[in-house]
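Okay, here's what each chain looks like letter by letter:
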Amino acid sequence: MVSGKVVDATTKKGLPFANILVQGTKYRTSANIDGDVRLPLPQSGSELQVSYVGYKTAALRAHPGQFPVTVRLTPVGYVTNDVDVLGKKITEGMQNSYR
């Protein structure tokens, strides 16, 4: 069994429902609302893969009884150059239907 917490590397706040799986096995779980996690390990030195939407996936080796483990995930920044704004013209006949 390994236990620990998945946190944002910048803010150190827990990441709720982060995904954790043991590579090459059926063992997987999700962190709780505070980012805390407990997961059985099939063998010592198992590789864990930790992922969360909007963050870079992390991999680490874990050993039973090794706790607490803190996994810090780094946010992936997205930059956009364009922003599209859509609008709709309301004609006089339509204005009356909204009153």
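For the structure itself, consult the block above.
Residues numbered from 1 in each chain as written. Predicted model: local features only at pLDDT ≥ 70, side-chain atom pairs only at ≥ 80, totals over all residues. Heavy atoms only, no water.

Caption draft 1: Quick look at the overall build of the protein chain. For the protein chain, the helix and strand inventory stands at one helix and seven strands. Moving toward the C terminus, one meets the helices and strands of the protein chain in the order β-β-β-β-β-β-β-α. A total of 99 residues make up the protein chain; the buried ones form 26% of that total. Relative to all contacts within the protein chain whose residues are 6 or more apart in sequence, the contacts with residues 24 or more apart total 42%. Roughly 7,300 Å² of accessible area belongs to the protein chain as shown, and the carbon and sulfur atoms make up 52% of that amount. (Helix = DSSP H or I, 4+ residues; strand = E, 2+ residues; numbered from the N terminus. Buried < 20%, exposed > 50% of the residue type's maximum accessible area, 1.4 Å probe, protein only. Contact = heavy atoms within 4.5 Å. Areas by Shrake-Rupley, 256 points an atom, 1.4 Å probe, with all protein chains shown as cover.)

Caption draft 2: Focus on the sheet that holds strand S4 (residues 36-39). Across the sheet, which stays open at both edges, the three strands sit in the order S4-S1-S7 with mixed pairing between neighbours. A single partner strand is all that each edge strand has here, and the edge strands are S4 and strand S7 (69-73). Averaged over neighbouring strand pairs, the angle between their axes works out to 30 degrees when direction is ignored. Bridge count for strand S1 (residues 2-8) against S4 is four bridges, and the pairing is antiparallel. Looking across to S4, one finds that Ser 3 is bridged to Arg 38. (Pairing = 2+ DSSP bridges. Axes fitted to C-alpha atoms, helices over the stretch in contact; angles between N-to-C directions.)

Caption draft 3: Just the nonpolar core, in detail. By size, the foremost hydrophobic cluster in this structure holds 19 residues, and its most contacted members are Val 2, Val 6, Ile 20, Leu 48, Val 50, Val 71 and Leu 73. Every element with two or more residues in this core is listed here: S1, strand S2 (19-22), S4, strand S5 (46-51), strand S6 (58-62) and S7. Residues contacting Val 6, with those up to four places away along its chain left out, are Lys 13, Gly 14, Leu 15, Ala 18, Ile 20, Gly 35, Val 50, Val 71 and Leu 73. (Core = buried A, V, L, I, M, F, W, Y, C linked by side-chain atoms within 4.5 Å.)

Caption draft 4: Expanded view of the packing of aromatic side chains. Applying the stated criterion across every chain yields a total of one aromatic pair. Pairing Tyr 52 with Tyr 55 gives two aromatic rings, centres 5.4 Å apart and planes at 65 degrees, and the pair type is edge-to-face. Assessed through its relative accessible area of 25%, Tyr 52 is described here as partly exposed. Taking the relative accessible area as the measure of exposure, Tyr 55 reaches 18% and is therefore buried. (Phe/Tyr/Trp six-rings, centres within 6.5 Å; stacked < 30°, edge-to-face > 60°.)

Caption draft 5: Expanded view of the pairing of S2. The two faces of S2 differ: Ile 20 and Val 22 on one face are buried, but Asn 19 and Leu 21 on the other face are not. As paired strands, S2 and strand S3 (residues 28-30) are joined by three bridges and run antiparallel to one another. Paired with Leu 21 across the strands is Arg 28, a residue of S3. The hairpin turn running from S2 into S3, its antiparallel successor, is five residues long, and Gly 24 in that turn takes a positive phi close to 75 degrees. Looking at chain direction, S2 and S5 are connected through four bridges and run antiparallel. Across the sheet, the residue bridging to Val 22 is Leu 48, located in S5.

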